[in-house]
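Summary of the model geometry
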Amino acid sequence: MNRNRPRFKYSKLFMGVSVFALLNLPLALTSYAADQGSESAGVLEEVTVTARRRSENLQEVPIAVSVITDELIQDAGLTDIKELQFLNPSLTLRDGNVDRGVGFVMRGVGTRSFNTGIEPSVNVVIDGVVNGIQAQNIADLADIERIEILRGPQGTLFGKNSTAGVVSITTKAPSEELEGNLSVGYGSNEEVKIKGTISNSLSDNVGARLSFYSNSTDGYLDNVSTGPKNEIDEYGLRGKVVFNMSDDSSLRVTANYSDRDSNCCYWVARVAAPDSGFANRIAPVIASETNNEINLANDFSQFNDITSTGISVQYDSAFNAFDLVAIAAWSDWESDVNTDVDSSPVDLIDINGGLFTSQHKTFELRLQSNGSTELQWLAGYFYADQFNDGKQDIGSFTSLLLGNPETPSNFGTLTEFEQDITNWAVFGDLAFAVSETVDLTVGVRYSDKKGDGQTQNSALPGFDAAAFFRPPSALQKRSVDDDNVSGRVIVRWRPGSETMVYASATRGYKGPGLLEAQVEDVDAEIPTSFELGVKSNFLDQRLRVAATLFKTDYADFQAQSLALDEAGDPKFFFNNADELETSGLELEFDFLATSNLMLSAQLAVIDAEFTDFDNAPCYAGQTEALGCSSVAGFSTQSLNGKSLPLAPDTSYTLSARYDFQFLGADAHAYASYAYRSETEGDLNNPDFVIDSFGLLNANIGANFREGKYSVMVWGKNLTDEFYVTRIFNTFGGGTSHYVSPNSKRRFGVTASYNF
């Protein structure tokens with residue numbers, strides 16, 4: 001494979017053809033609709049969102065926001081939040097072998113960190129409550145009403161963790177009458193998924209809803225020694241009770257619990273020199289760019305056990321001139337983990353795990369206008385307190401490392417850390433009419449962040465010596481103290497009853513981070529974003545279109561990379577990239593072609609690159625001729641003009657749903673295709689380029705007895721296209737990669753009972 005081929009030449013050509021085609025799509029669809037006739041086609045249903053913390057029509061909101069409805073979740077067979085990226089092309093995922101390292105990337109920008117003291121750049125909010133750490137985001141999508149994906153900085157209203165965007169999830173509310181469902185699914189790799197919900201009114205003023213899920217799989221990696229690996233066994237519960245205390249006030253209490261046990265996720269050998277110790281020990285597995293096999297006869301047991309508990313209380317009250325919303329929440333996240341730190345199936349680093357916990361408490365109070373006047377306003381206060389602690393063991397029982405006979409027969413380091421972080425903010429948003437067709441929105445937020453942390457390394461009890469790449473250290477204490485004023489200005493223009501145009505300027509903020517095992521902390525991350533968007537309806541509201549042009553500059557972006565330390569060993573580093581820029585075009589189309597045919601298309605063309613990052617770590621094997629230089633005794637490279645990791649230039653998603661009658665039953669067929677172009681897997685490392693890929697998914701289903709029973713047969717990655725999501729250096733030479741469960745063709749069936 002030629003890693004030096006001109007990526008952008010092809011990308012720009014493809015971009016031009018794609019943009020031309022999609023920009024002319026409304027004309028083509030108009031012509032098609034005229035030929036087909038529109039008497040019985042109906043109209044697209046209005047989509048309601050709360051992207052501005054109030055209920056509004058999607059087409060009236062002057063923000064780049066996409067919605068994944070409950071119907072689309074069912075059509076796409078979406079159960080894992082990681083699969084959201086294939087329904088929205090601006091969203092990608094940083095995958096990994098532990099949940100602490102998994103996070104969303106929006107428009108090419110996202111936090112890549114295992115550190116609980118580093119806040120994510122893409123915020124996940126569930127029922128109005130922000131998650132404390134990105135590891136809490138990995139959950140099953142059970143009993144969901146809708147998912148809103150807000151692109152670009154959203155800190156004015158959503159606060160911390162949202163310098164790149166927000167994924168806002170709304171779960172279903174209790175019903176007034178008895179309803180429920182139970183679904184059972186079975187698929188490839190002995191995958192079993194069970195979900196259930198029951199909801200009803202307990203009295204005239206009280207309603208309740210209870211939902212659960214249970215998922216298990218035997219694994220999708222081929223282990224030549226002992227059978228499949230990357231098994232997952234998880235379950236979760238959510239209960240929601242709403243007390244309607246009067247016509248104008250209500251109290252909602254939500255509690256959730258989840259337990260996830262797995263030995264996921266092992267890395268797979270990608271590159272190994274012939275006849276090397278690494279290649280010989282993984283035999284008969286042969287390292288390759290399409291390898292999906294491991295040999296765990298030579299490796300230790302890996303596990304990743306996580307529990308998460310949370311409760312929230314929301315009070316809503318309507319007054320004559322305004323509404324009041326107050327939300328208090330508490331969550332506890334615990335992880336007991338041991339993972340493959342050397343990224344290979346070889347016994348180099350046997351131990352890499354420990355116990356990690358995070359407790360998160362939040363409170364938010366909002367006063368906002370209720371439509372009684374033309375002036376729309378919102379004022380609020382936010383507070384969050386987060387306590388993280390952990391005990392990480394890292395070491396080995398062997399002396400294989402680098403083949404050095406002087407290496408102790410076993411070595412290990414215990415890293416203990418604590419972090420106590422508080423955030424508080426006051427914010428406001430004001431929207432008012434400038435003329436009959438133009439209105440202006442001005443928002444501002446004052447944020448304050450304080451945090452204290454301490455870290456200490458010591459030799460792991462029972463071992464001959466501490467790990468040489470993490471030597472013992474005295475207790476190190478540090479703190480952060482920072483504040484900031486951010487905000488936004490939005491101009492909205494309605495040139496006609498079916499069209500809205502907007503322009504916005506936004507300044508965001510993500511506070512400085514406390515690191516677990518690194519003494520040096522990182523500065524605050526500041527984005528400045530500009531957007532120009534248009535939303536319109538055509539063909540008597542059968543065609544819905546949205547287009548967005550954007551440009552965002554980030555100062556002091558918080559970046560993590562894997563590089564060589566002074567001893568020449570792979571190690572994670574965290575620092576600030578002085579400046580980076582992401583810009584591009586996003587297009588979305590929904591078209592009700594006939595009364596039973598729905599077509600959708602989304603496109604994202606994004607150019608995300610570093611504009612000022614001179615002292616980035618060199619990658620393994622990088623020489624002076626390849627751009628590596630020595631600064632203060634440390635190997636660095638310039639990334640100016642280089643692409644960000646996990647930021648494909650071109651991504652798109654196409655889908656179609658067709659409804660029909662089958663043996664007297666309501667039936668449907670659904671298909672989708674998601675494409676991602678080639679992308680960097682790490683900071684300017686030519687060995688870590690992730691190839692382009694496309695996933696074709698489809699299902700066909702039917703409802704019987706007026707929807708009481710339903711069955712659906714589904715297939716994912718029908719073309720069996722292999723792809724990887726991460727690539728890593730391996731201790732002692734070579735590389736390994738991470739394989740997604742979606743990188744193999746899979747089939748299954750799901751049956752449901754509804755009442």
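Residues numbered from 1 in each chain as written. Predicted model: local features only at pLDDT ≥ 70, side-chain atom pairs only at ≥ 80, totals over all residues. Heavy atoms only, no water.

Quick word on the overall build of the protein chain
A tally of regular secondary structure across the protein chain gives five helices and 41 strands. Each of the 755 residues in the protein chain was classed as buried or not, and the buried ones make up 56%. Of the roughly 30300 Å² of accessible surface on the protein chain, 55% is carried by carbon and sulfur atoms. (Helix = DSSP H or I, 4+ residues; strand = E, 2+ residues; numbered from the N terminus. Buried < 20%, exposed > 50% of the residue type's maximum accessible area, 1.4 Å probe, protein only. Areas by Shrake-Rupley, 256 points an atom, 1.4 Å probe, with all protein chains shown as cover.)

Regarding the sheet that holds strand 8 (residues 144-151)
In spatial order, the strands read 3-8-9-6-7; together these five strands make up an open sheet with mixed pairing. This sheet does not close on itself; its edge strands, each paired only once, are strand 3 (65-69) and strand 7 (129-130). (Pairing = 2+ DSSP bridges.)

Overview of the packing of aromatic side chains
All chains considered together, the criterion is met by 16 aromatic pairs. Between F86 and F693, the ring centres sit 6.4 Å apart and the planes meet at 80°, which makes this aromatic pair edge-to-face. Pair noted here: F86 is in the loop between helix 3 (70-75) and strand 4 (91-94) and F693 is in strand 37 (residues 693-704), with a separation of 607 residues, a long-range link. For F86, a relative accessible area of 11% translates into the label buried. (Phe/Tyr/Trp six-rings, centres within 6.5 Å; stacked < 30°, edge-to-face > 60°.)

Some remarks on the sheet that holds strand 30 (residues 616-617)
Spatially, the three strands line up as an open sheet ordered 30-32-31, and their pairing is antiparallel. Two strands bound the open sheet, and with one partner strand each, they are strand 30 and strand 31 (629-631). Bridging between strand 31 and strand 32 (residues 634-637) involves three bridges; their strand directions are antiparallel. Counterpart to V631 in the pairing with strand 32 is F634.

Some remarks on the pattern of salt bridges
It is possible for side chains bearing opposite charge to pair when their charged atoms get close. Tallying each qualifying case throughout the model produces 32 salt bridges. Put simply, R146 and E148 hold a salt bridge, and the shortest N to O gap is 2.7 Å. Of the two residues examined, R146 and E148, each falls in the buried class. Here D439 makes a salt bridge to R492, at a shortest N to O gap of 2.9 Å. With D439 in strand 23 (residues 438-459) and R492 in strand 24 (residues 476-496), the pair connects residues that are 53 residues apart, well separated along the chain. With relative accessibility at 8%, the residue D439 sits in the buried group. By relative accessible area, which is 8% here, R492 ends up buried. Residues joined by salt bridges that share partners form a network here, namely R107, R151, E531, E586 and E588. (Salt bridge = Lys/Arg side-chain N within 4 Å of Asp/Glu carboxyl O.)

Notes on the side chain of T92
Checked against the element boundaries, T92 lands in strand 4. From its side chain, T92 meets the backbone oxygen of L646 in a polar contact 3.2 Å long. If we skip the residues at most four places from it in the chain, T92 touches Q85, G103, F104, V105, L646, P648 and R676. (Polar contact = N/O pair within 3.5 Å; in protein donor to acceptor, adjacent residues only side chain to side chain. Contact = heavy atoms within 4.5 Å.)

Considerations on the nonpolar core
By size, the foremost hydrophobic cluster in this structure holds 40 residues, and its most contacted members are L84, F104, I147, V167, I169 and F610. Taken together, the elements giving at least two residues each to this core come down to strand 4, strand 5 (103-106), strand 6 (122-126), strand 8, strand 9 (165-171), strand 27 (543-564), strand 28 (570-594) and strand 29 (597-612). In this structure V167 touches L84, F104, V122, N123, V124, V125, I147 and E148, once residues within four positions along its chain are discounted. By size, the runner-up hydrophobic cluster in this structure holds 18 residues, among which are V49, V61, V65 and L378. (Core = buried A, V, L, I, M, F, W, Y, C linked by side-chain atoms within 4.5 Å.)

Structural notes on unusual backbone geometry
Between A283 and P284 the backbone carries a cis peptide bond, its omega angle lying at 10°. As for its position among the elements, P284 is in the loop between helix 5 (277-282) and strand 17 (293-294). A positive phi angle, close to 60°, is found at D143, a residue other than glycine. Structurally, D143 can be placed in the loop between strand 7 and strand 8. Its relative accessible area of 14% is what places D143 among the buried residues.

Things to note about the pairing of strand 22 (residues 411-433)
Where strand 21 (residues 376-396) and strand 22 come together, 21 bridges link them in antiparallel fashion. Within strand 22, the residue paired with Y381 across the bridge is V426. Judged from the 21 bridges that link them, strand 22 and strand 23 form a sheet pairing that is antiparallel. Bridge pairing links N423 to K449 in strand 23. What sits between the antiparallel neighbours strand 22 and strand 23 is a turn of four residues.

What to know about the confidence of the model for the protein chain
With 87% of its residues at a pLDDT of 70 or more, the protein chain has an overall mean of 86. Counting contacts from residues 1-20, a segment whose pLDDT is below 50, to residues more than four positions away or on other chains yields 27 contacts. (pLDDT = per-residue confidence, 0-100.)

Section: the environment of P741
With respect to the helices and strands, the residue P741 is situated in the loop between strand 40 (735-739) and strand 41 (746-754). By relative accessible area, which is 30% here, P741 ends up partly exposed. Between the C-alpha atom of P741 and that of N717, which follows or precedes it by 24 residues, the distance is 10.0 Å. Excluding anything up to four places from it in sequence, P741 contacts Y220 and R746.

Observations concerning a negative patch on the surface
A surface patch of like charges, here negative, comprises E416, E418, D420 and D452. Take D452: it is sitting in strand 23. (Patch = residues over 30% accessible without salt bridge, like charges linked within 9 Å, V, L, I, M, F, W, Y side chains within 5 Å. Lys, Arg positive; Asp, Glu negative; His and termini not counted. Charge placed at Lys NZ, Arg CZ, Asp CG, Glu CD.)

Brief notes about the environment of V489
The topology assignment puts V489 in strand 24. You can call V489 partly exposed: its relative accessible area is 39%. A C-alpha to C-alpha distance of 9.5 Å links V489 and D429, two positions 60 residues apart in sequence.

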